[in-house]
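As a plain string of letters, each chain reads:
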Amino acid sequence: MRQKQKQSIIELTALLKKAQEYMKSLLSKQEYTAVLDLLQQCQQSAIQIGSIIEESEGEGFVTVKYLEEYCELIFQVYELVQNAEETTVSETENATLFQRMDELLIKTEKSIENDIKKRKEV
């Protein structure tokens with residue numbers, strides 16, 4: 001993978017982290033529509049990152065597997081938030097899901113740094 005691509009992927013994962021922190025604050029204010037929008041954007045970004053990595057490194061690459069798990073967690077959070085107005089979602093359940101999302105993003109970042117080799121182009 002070219003250095004420029006790798007750097008843009010690293011920047012996108014950093015944005016995902018910031019979005020997650022912002023989502024937590026929105027959840028505490030019960031701004032569910034904004035959280036749902038952010039979750040959709042995070043999922044689209046994760047899919048975009050995964051597509052770039054698969055194109056460069058091939059299918060089944062370890063980083064892509066982390067991103068797939070991340071997307072599954074996003075879906076779970078989305079379902080919880082979507083039903084939040086009808087049922088009470090425990091703070092603990094939210095915290096646990098966001099903690100797992102944080103952990104997966106950290107694994108993804110480390111995998112990007114360590115598993116994806118830079119190629120120089122002349």
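Shown above is the structure to which this text applies.
Structural notes, computed from the coordinates. Quick caveat: nothing in here was measured; it's all calculated off a predicted structure.

**Here's the deal with the nonpolar core**
Of all hydrophobic cores here, the largest spans 36 residues; its most connected members are Ile53 and Tyr70. Counting only elements with at least two residues in this core, the list comes to helix H1 (3-28), helix H2 (32-57), helix H3 (62-82) and helix H4 (91-115).

**Digging into the pattern of salt bridges**
A side chain with one charge may pair with a side chain of the opposite charge, provided their charged atoms come close. Enumeration over the complete set of coordinates arrives at 3 salt bridges. With its nearest N and O atoms 3.0 Å apart, the salt bridge here joins Glu109 to Lys17. Note that Glu109 is positioned in helix H4 and Lys17 in helix H1, a separation of 92 residues in sequence. Between Lys24 and Glu21 there is a salt bridge; the shortest N-O distance is 3.1 Å. Pair noted here: Lys24 and Glu21 are both in helix H1, with a separation of 3 residues, about one helical turn. Of the residues examined, Lys24 reaches a relative accessible area of 29% and is grouped as partly exposed. Where salt bridges share partners, they join Glu21, Lys24 and Asp102 into one cluster.

Here is what the cut-offs are and how they apply
- Just so you know, the residues in each chain are numbered from 1, in the order the chain's sequence is written.
- Totals for whole chains, interfaces and linings use all residues, but because this is a predicted model, local features are given only for residues with pLDDT of at least 70 and pairs of side-chain atoms are given and counted only at 80 or more.
- Values reported for side chains reflect all heavy atoms of the structure, with hydrogen atoms and water molecules removed beforehand.
- For the purposes of this section, nonpolar cores are sets of buried Ala, Val, Leu, Ile, Met, Phe, Trp, Tyr and Cys residues that join through side-chain atoms within 4.5 Å.
- Summary of the burial criterion: residues with accessible area below 20% of their type's maximum are buried, those above 50% are exposed, and those between are partly exposed, where the area comes from a 1.4 Å probe applied to protein chains only.
- Secondary structure elements follow DSSP: runs of H or I no shorter than four residues count as helices, runs of E no shorter than two count as strands, and numbering proceeds from the N terminus.
- By salt bridge we mean one thing: a side-chain nitrogen of Lys or Arg within 4 Å of a carboxyl oxygen of Asp or Glu.

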